[in-house]
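Chain by chain, the residues run as shown.
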Protein chains: 2
Amino acid sequence: MTSNQPEATVGDLGEQGILETILPLLDSRKANLGPGDDAGALSVKSSEVLVSVDTLVENQDFKLVWPSGLEHRAYDIGWKSIAQNVSDINAMGGTSTGAVISLSLPASTSLEWVKDFAQGIAEAINSLGATELTILGGDLGKSTEISVTTTVLGECAHGKILRSGAKPGDSIAVAGRLGDAGAGLEVLEHSRDANTWNRAVRRIAEAQCRPVPPLGSGPRAAEAGAHAMMDISDGLVRDSARLAKSSGVSIDFNRQALQTFATRLTPAAQLTGADPMDWVLHGGEDFGLLATFPAGTEIPEEFTVIGAVTARSGRRSQVSVDGKLVTANSGFDHFN
Amino acid sequence: MTSNQPEATVGDLGEQGILETILPLLDSRKANLGPGDDAGALSVKSSEVLVSVDTLVENQDFKLVWPSGLEHRAYDIGWKSIAQNVSDINAMGGTSTGAVISLSLPASTSLEWVKDFAQGIAEAINSLGATELTILGGDLGKSTEISVTTTVLGECAHGKILRSGAKPGDSIAVAGRLGDAGAGLEVLEHSRDANTWNRAVRRIAEAQCRPVPPLGSGPRAAEAGAHAMMDISDGLVRDSARLAKSSGVSIDFNRQALQTFATRLTPAAQLTGADPMDWVLHGGEDFGLLATFPAGTEIPEEFTVIGAVTARSGRRSQVSVDGKLVTANSGFDHFN
């Protein structure tokens, strides 16, 4: 393309032209039937399939340009749409096997944007190690704001691990990042000038745009005998309260164990003046795994024990840190 | 609710409150694991699962108030989001078994709207006869325009029927409506006053808002030995051209057979001055089935033979009516 030509838009190309751009970037070879017919088709090895869906909407889940001045690449939107869904399958102890993607775009969106988006999807699948995941199909349509809905299918080789299985006496442990994406969001939203960031701050901002769920750790935890598991998408306190409520237990975290995660966020805290422990307790979207294991379990080494499951002292499940109650005051609700 | 109280909105309720309203309206009892954990889980009887996804966006796929003055109910949006997806599974010769639904809404949306939407989903599942379909989960989020993405899973008992299997000498037949939804769209868009419509016109407008894919006819066609099948979502000519191209054949329709469908649309044509045959040839979103059957097949009785599959006369697949070429000039492209 010469610089004199206006950039091609999805409105210029139409559905067929967009598909001809996207599909070669996505690997559908492992599908029984990939994109192009009325539905895709996928082999299932076991007698059960897992399904999860998540949507990313412009200005709700990402901003094309953050207040810090950082531009949010289409690549990152593609990446995150895969990451958060394969995380849900991982959190059941499963492996992702197939996905369909629905993309709604303004007609003025450039073809380059769409390519970058598809590359982010392909690269997330490769880099996160979702090697059994194949793209089965999708939908394309027009909208005024960018919206991406990804549905992922998966299977469990070791039985599915629910939120409801935690027992008093279990250890509670985390794999993957904790607080990084929350710190990244604050840096993107409130820090003035992305150009002045050092490498440590850039890495933290990137954790918001390009989260890295610990794939493989879900099946390993299931195989090791985890009682309960979920991914941390809305913050440690809010999500652990859900796990505690589902299981009819309480959870007490160990501040010293959490401090290790907070310390890693010091560069962002220095920039914004925040207490990094707030990100560890309340930051969402790292898609780390929260799992409980019975005493004596050989817990997979990538998990860090951060507390214990206890019996409820009253009728309600509680979450505490060193015995002091915490609530999800800054947890995330899409509508509040 | 008294008339003095402002109507509750989804912003007032938050995610949890919305879910508590929606979930009791949807039947998830047949799921191995329904909404509430990281992923849903569904039993699979065969070794293959089918997947299809479609999105409906405000002002693209529906208008909350049509130019005719007719209000588009949330119920109809829920209905159509199910109908168009179960149609894709039907078009493979399959039966829909599970669905996940992602709903993006402005915070100002009323709780009543959300209830009506969920009732439309539940009623579509019942009325269309998708009796094996269960809701496995979903996602809720904020947006400036209403957007619904539904993903449906299914299975084939008689093998899946692709678009690519048509052979010269096959009969081509249609089950379900043809042109009704296209006529309905024109009535909704261009007719002046919905209050003046007679019952026949109302029925045609309703075909756009509440399509009725002929579920069951897909598996029956597969069992009868259909060579190729697809649903008609973008218009008979456009979709049959896709089938012809996939199969490397041409298709010739019989005008007299199509006339039967056009005649039914006379009440709408009288209102708008259109030629009803244009709706039959180019109208989309009826989600009728287009199938080809080899000579001698006992074609299921709900199918009407409307033409024949022929060998290509040149290098390109062609679609004709009584031997005269037709093209999808008024077919639908989301981006054009």
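Calculation notes
- Residues numbered from 1 in each chain as written.
- Chains lettered and ligands numbered in written order.
- Predicted model: local features only at pLDDT ≥ 70, side-chain atom pairs only at ≥ 80, totals over all residues.
- Heavy atoms only, no water.
- UniProt positions renumbered as here; feature names shortened; annotations may be inferred.
- Core = buried A, V, L, I, M, F, W, Y, C linked by side-chain atoms within 4.5 Å.
- Buried < 20%, exposed > 50% of the residue type's maximum accessible area, 1.4 Å probe, protein only.
- Domains from an automatic or database assignment.
- Least-squares fit on C-alpha atoms with pLDDT ≥ 70 in both.
- Helix = DSSP H or I, 4+ residues; strand = E, 2+ residues; numbered from the N terminus.
- Contact = heavy atoms within 4.5 Å.
- Buried area = accessible area lost by both parts, 1.4 Å probe.
- Salt bridge = Lys/Arg side-chain N within 4 Å of Asp/Glu carboxyl O.
- Nonpolar A, V, L, I, M, F, W, Y, C, P; charged D, E, K, R; others polar.
- Pairing = 2+ DSSP bridges.
- Axes fitted to C-alpha atoms, helices over the stretch in contact; angles between N-to-C directions.
- Parallel < 35°, antiparallel > 145°, perpendicular 65-115°, else oblique.
- Left-handed = near helix turned anticlockwise from the far one by under 90°.
- Polar contact = N/O pair within 3.5 Å; in protein donor to acceptor, adjacent residues only side chain to side chain.

In the annotation of an unreviewed UniProt entry, the entry for chain A reads Thiamine-monophosphate kinase, and the organism field reads Glutamicibacter ectropisis. Entered under Sequence similarities (unreviewed entry) in the UniProt record, the comment concerning chain A runs "Belongs to the thiamine-monophosphate kinase family."

A separate point is the nonpolar core. Among the nonpolar cores identified, the biggest contains 81 residues, and Trp113, Phe117, Leu236, Phe253, Leu258 and Ile306 of chain A are the most heavily contacted of them. When residues of this core are sorted by domain, at least three fall in each of domain 1 (14-25 + 47-155) and domain 2 (163-325) of chain A. With 80 residues, the next largest nonpolar core counts Leu33 of chain A together with Val148, Cys156 and Val309 of chain B among its residues.

Put simply, the second copy of the chain is the first one after a rotation about an axis and a shift along it. Between chain B and chain A, which share one sequence, the superposing operator has a rotation angle of 180° and an axial displacement of 0.0 Å; the RMSD is 0.0 Å. Here the copies are linked by what is in effect a two-fold axis.

Once that is clear, we can look at the UniProt feature "binding site: Mg(2+) 1" (unreviewed entry) in chain A. With numbering matched to this structure, UniProt assigns "binding site: Mg(2+) 1" (unreviewed entry) to Asp54 and Asp139 of chain A. Mapped onto the fold, Asp54 of chain A is located in strand E2 (residues 48-57). Residue Asp54 of chain A is classed as buried on the basis of its relative accessible area of 16%. Not counting chain neighbours up to four residues away, the residues in contact with Asp54 of chain A comprise Gln84, Asn85, Asp88, Val148, Thr149 and Thr150 of chain A together with Asp139 of chain B. Structurally, Asp139 of chain A can be placed in strand E4 (residues 134-142). Using a relative accessible area of 15% as the deciding quantity, one classes Asp139 of chain A as buried.

What follows is about the interface of chain B and chain A. Put simply, an interface is often sized by how much accessible area is lost when its parts join up. Facing 61 residues of chain B, the contacting portion of chain A comprises 61 residues. Buried surface at the junction of chain B and chain A, both sides included, amounts to about 4,900 Å², of which 52% is carbon and sulfur. Summed over the shared surface of chain B and chain A, the number is four salt bridges. Measuring nitrogen to oxygen at the nearest pair gives 3.6 Å for the salt bridge that ties Asp37 of chain B to Arg163 of chain A. Put simply, the parts of the chain that give the side of chain B that touches chain A at least two residues each are helix H1 (10-22), strand E1 (40-43), strand E2 (48-57), helix H2 (74-91), strand E3 (95-105), strand E4 (134-142), strand E5 (147-155) and strand E7 (228-232) of chain B. If one sorts the elements of the side of chain B that touches chain A by residue count, E2 of chain B sits on top with nine residues. Here the residues of the side of chain B that touches chain A sort into 27 nonpolar, 21 polar and 13 charged. Bridge count for strand E1 (residues 40-43) of chain A against E2 of chain B is four bridges, and the pairing is antiparallel. Its bridge partner lying in E2 of chain B, Gly40 of chain A is registered against Val51 of chain B.

Residue and element names in this part refer to chain A. By domain assignment, chain A separates into domain 1 (14-25 + 47-155) and domain 2 (163-325). If you average the C-alpha positions of domain 1 and of domain 2, the two centres end up 24 Å apart. Facing 25 residues of domain 1, the contacting portion of domain 2 comprises 29 residues. Carbon and sulfur atoms supply 58% of the area buried between domain 1 and domain 2, which totals about 2,100 Å² over both sides.

Residue and element names in this part refer to chain A. Where burial is concerned, most of strand E7 (residues 228-232) is hidden: five out of the five residues are buried. Relative to strand E9 (residues 288-293), E7 runs antiparallel, the two being bridged by five bridges. Bridge pairing links Asp231 to Leu289 in E9.

Turning next to the packing of helix H2 (residues 74-91) of chain A against helix H3 (residues 111-127) of chain A. Residue and element names in this part refer to chain A. Relative orientation of the contacting elements H2 and H3 amounts to 40°, with a least axis distance of 6 Å. Overall, the two elements H2 and H3 adopt an arrangement that is oblique. As H2 packs across H3, the resulting crossing turns out to be right-handed. Facing H2, whose interface residues are Ala74, Tyr75, Ile77, Gly78, Trp79, Ser81 and Ile82, H3 presents Trp113, Asp116, Phe117, Gln119, Gly120, Ile121, Glu123, Ala124, Ile125 and Ser127. Among the residues making up the contact of H2 with H3, the classes are represented as ten nonpolar, five polar and two charged.

All names here are of chain B. Of note, Asn59 is a non-glycine position whose phi angle comes to about 70°, a positive value. Note on placement: Asn59 falls in the loop between E2 and H2. Here the phi dihedral of Phe287 falls at roughly 60°; this positive angle occurs in a residue that is not glycine. With respect to the helices, strands and loops of the structure, Phe287 is situated in the loop between helix H10 (276-282) and strand E9 (288-293).

Mapped onto this numbering, the UniProt entry annotates "binding site: Mg(2+) 4" (unreviewed entry) at Asp38, Ser52 and Asp88 of chain A. Across 51 residues, the annotated set is spatially dispersed, with a maximum C-alpha separation of 26.3 Å. Summarising the element assignment, Asp38 of chain A is placed in the loop between helix H1 (10-22) and E1. Classification of Asp38 of chain A as buried rests on a relative accessible area of 7%. Ignoring anything within four residues of it in the chain, the contact list for Asp38 of chain A reads Ser52, Asp88, Ala91, Met92, Arg163, Met229, Met230 and Asp231 of chain B. In this structure the side chain of Asp38 of chain A is engaged in a polar contact, spanning 3.3 Å, whose partner is the side chain of Arg163 of chain B. Of note, Ser52 of chain A is situated in strand E2. A relative accessible area of 3% places Ser52 of chain A in the buried class. Residues in contact with Ser52 of chain A, not counting those within four places in the same chain, are Asn85, Asp88, Ile89, Thr150, Thr151 and Val152 of chain A together with Asp38 and Ala39 of chain B.

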